[in-house]
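Residues per chain, in single letters:
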Amino acid sequence: MKVMGLVGMLSICSVEDLWKRQIHLVVISAFGILGVLLHFYDGKQTALDMCGGMLVGIVLYLLSIFSHGKVGKGDAFLVTSMGVYLGFWDNTTVLWMASIMAAIFGVVVCIFFGKKKDESLPFVPFLLVAYLLF
């Protein structure tokens, strides 16, 4: 059940990120609340695990502030919501995998398609792929 919630959130947000380059906080919030409710139903993850997972997104949010928006705040909120489902270590692993994939993709796009290195990429699809591979 949790897997479907997380895949649903990442899928909806991936489409939004690809088309509009923004993600709606209403979607992220709704799935975050669903994650907490599923936790009470499932009980496999402790409240400390959820808070630790959310901490990953909070750190990403601070990075967004200090980088003056190079990292999207919506991405940080999404990773915070993912932490409710995944906990600290799994959320960190998925974020790390997505970052590596995005970096490789960015280099390929710059080399073969002549894009500039300062152009942004939608990050949420990489989170979805990383989670599915995880």
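The structure this text deals with has already been given above.
Quick notes on the rules
Starting from 1, residues in each chain are numbered consecutively following that chain's sequence as written. Note on the predicted model: pLDDT of at least 70 is required for a residue's local features to be given, and 80 or more for side-chain atom pairs to be given and counted; whole-chain, interface and lining totals, by contrast, use all residues. Just so you know, side-chain values use all the structure's heavy atoms and leave hydrogens and water out. Think of it this way: any DSSP run of H or I at least four residues long counts as a helix, any run of E at least two long counts as a strand, and we number them from the N terminus. Here the radius of gyration uses the C-alpha set of atoms, whereas the globule reference equals 2.2 Å times the residue count to the power 0.38. Burial classification: accessible surface area is computed with a 1.4 Å probe over protein chains only, and a residue below 20% of its type maximum counts as buried, one above 50% as exposed, and the rest as partly exposed. Residue contacts are counted whenever heavy atoms from the two residues lie within 4.5 Å of one another. Helices are assigned an expected span. That span is 1.5 Å times one less than the residue count. Think of each axis as a best-fit line through the C-alpha atoms, taken over the contacting stretch in the case of a helix, with angles from 0 to 180 degrees between the N-to-C directions. Each angle is binned into one of four classes, with values under 35 degrees roughly parallel, values over 145 roughly antiparallel, values of 65 to 115 roughly perpendicular, and all other values oblique. Each residue gets one label: Ala, Val, Leu, Ile, Met, Phe, Trp, Tyr, Cys and Pro are nonpolar, Asp, Glu, Lys and Arg are charged, and the others, such as Gly, are polar.

Participant: Summarise the overall build of the protein chain; cite the residues concerned and give the values.
Facilitator: Within the protein chain, the regular secondary structure consists of 5 helices and 0 strands. Element order for the protein chain, N to C, with α for helix and β for strand: α-α-α-α-α. A compact globule built from 134 residues should have a C-alpha radius of gyration of about 14 Å, and the protein chain, at 15 Å, falls within 12% of that. A principal-axis box enclosing the C-alpha atoms of the protein chain has dimensions of 50 × 30 × 25 Å. Taking all 134 residues of the protein chain together, the buried fraction comes to 42%. A separation threshold of at least 6 residues defines the contact pool for the protein chain, and within that pool the share at least 24 residues apart is 70%.

Participant: Could you give an account of helix α3 (residues 47-66), with specific residues and numbers?
Facilitator: Here α3 is 20 residues long and its end C-alpha atoms lie 29 Å apart, about the 28 Å a rise of 1.5 Å per residue gives. All of the buried residues in α3 are Met50, Gly52, Gly53, Val56, Gly57, Leu60 and Ser64. Against α2 (25-42) and α4 (73-113) lie the buried residues of α3. His68 sits one or two positions beyond α3 and adopts a positive phi of about 55°.

Participant: Just give me the short version of the environment of Tyr131, but keep the residues and values in it.
Facilitator: Checked against the element boundaries, Tyr131 lands in helix α5 (residues 124-133). A C-alpha to C-alpha distance of 16 Å links Tyr131 and Ile28, two positions 103 residues apart in sequence. If near-sequence neighbours (up to four positions away) are discounted, Tyr131 is found in contact with Val3, Leu6, Val7, Leu10, Leu86 and Val94.

Participant: Any chance you could break down the packing of α4 against α5 for me, citing the residues and the numbers?
Facilitator: For any two helices packed against each other, the geometry comes down to the angle between their axes and how far apart the axes lie. Two elements in contact, α4 and α5, have axes separated by 7 Å at closest approach and are oriented at 105°. On the basis of their axis angle, the class for α4 and α5 is roughly perpendicular. Along the contact surface, α4 presents Asp75, Leu78, Val79, Met82, Leu86, Val94, Leu95, Met97, Ala98, Met101, Ala102 and Phe105, while α5 presents Val124, Phe126, Leu127, Val129, Ala130, Tyr131 and Leu133. Within the contact of α4 with α5, the residues separate by chemical class into 18 nonpolar, no polar and 1 charged.

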